[in-house]
Amino acid sequence: MLELLIAMGLFALVGAITPGPVNILAIRRSASGHGRAATAYVLGASLSYTLVVWLMGKGGEQVLHNTWVVETIRWAGAAYLLHLAWRIAMASPSALADGADAAAPSVARAFIDGGVVQTSNPKAWMVASAGVGLFVLPQPDVAAALRLFCAVSLLACCMGVGCWALAGRLLTQWLASAARQRMFYRAMGVLLACS
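The shown structure was predicted, so the numbers you read here are calculated from the model rather than taken from an experiment.

K.L.:
How would you summarise the confidence of the model for the chain if you had to cite specific residues and measurements?
P.N.:
Residues of the chain with pLDDT of at least 70 account for 87%, and the chain-wide mean is 82. Put simply, helix α4 (residues 67-89) is where the chain has its lowest mean pLDDT, 73, and helix α7 (residues 142-170) is where it has its highest, 94. Of the regions scoring below 50 in pLDDT, residues 95-102 engages in 10 contacts with residues more than four places distant in sequence or in other chains.

K.L.:
So what's going on with helix α1 (residues 2-17)? Which residues, and what values?
P.N.:
Look at α1: 22 Å from first C-alpha to last across 16 residues, which is about the 22 Å you get at 1.5 Å a residue. Every buried residue of α1 is accounted for by Leu-4, Met-8, Ala-12, Gly-15 and Ala-16. For α1, the buried positions fall inside an angular range of 95 degrees around the axis, keeping them on one side. Of the residues in α1, the exposed ones pointing more than 90 degrees away from the buried face are Leu-2, Glu-3 and Leu-10. In this fold, the buried residues of α1 make contact with α2 (21-31), α6 (122-136) and α7.

K.L.:
Lay out a nonpolar patch on the surface in plain terms, naming residues and giving numbers.
P.N.:
Side chains of Leu-43, Leu-47, Phe-111, Ile-112 and Val-116 sit close together on the surface and give an oily, nonpolar patch of about 390 Å² of accessible area. Contributing elements (two or more residues each) for the nonpolar patch: α3 (35-64) and α5 (107-119). The element contributing the most residues to the nonpolar patch is α5, with 3 residues. Residue position: Leu-47 is located in helix α3.

How each quantity is defined
- Residues numbered from 1 in each chain as written.
- Predicted model: local features only at pLDDT ≥ 70, side-chain atom pairs only at ≥ 80, totals over all residues.
- Heavy atoms only, no water.
- pLDDT = per-residue confidence, 0-100.
- Helix = DSSP H or I, 4+ residues; strand = E, 2+ residues; numbered from the N terminus.
- Contact = heavy atoms within 4.5 Å.
- Expected span 1.5 Å × (residues − 1).
- Buried < 20%, exposed > 50% of the residue type's maximum accessible area, 1.4 Å probe, protein only.
- Arc of directions from axis to C-beta.
- Patch = residues over 30% accessible without salt bridge, like charges linked within 9 Å, V, L, I, M, F, W, Y side chains within 5 Å.
- Areas by Shrake-Rupley, 256 points an atom, 1.4 Å probe, with all protein chains shown as cover.
- Salt bridge = Lys/Arg side-chain N within 4 Å of Asp/Glu carboxyl O.

Shown next as structure tokens:
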């Protein structure tokens with residue numbers, strides 16, 4: 001059982017910490033200097049990913065065999081992520097150096113954003129599908145293995161996305177100038193579009 005737990009944990013952490021749209025948005029959100037909103041975003045993304053894992057464990061095999069559903073998810077997710085990339089690239093600089101909090105996103109909105117971005121992220125669905133196929137379906141007690149993989153995935157996602165949010169927080173001082181913010185936002189928008 002310990003070997004399974006370690007394998008699940010390593011797989012989930014690698015899937016969560018590698019670059020992708022959720023992580024790029026986490027770094028951008030926390031670089032804005034709004035710590036509580038960034039934490040809510042990380043939690044929303046992590047809980048959403050756990051739901052994706054659970055859904056894949058409960059019926060993902062049937063969904064992934066339906067070409068129409070897969071293509072719809074792929075194109076809708078891509079369109080949404082491109083929309084987010086454009087919004088980030090065109091974002092106006094905020095007054096980070098002044099500590100201005102007028103534009104601070106609400107914690108609830110950040111939580112919802114994290115969930116929506118993660119749910120529309122094709123990477124999340126593919127990693128969850130692979131993880132369920134590797135660690136859940138081959139087990140004698142599939143239900144218990146799915147619960148364990150969901151718990152491990154939640155923890156790994158909090159850690160992985162949280163690391164990106166921490167990196168964004170560390171960039172806050174560097175982003176005190178409007179010119180650097182514009183450059184950073186455009187770079188994050190391009191990276192998100194590429195992902």
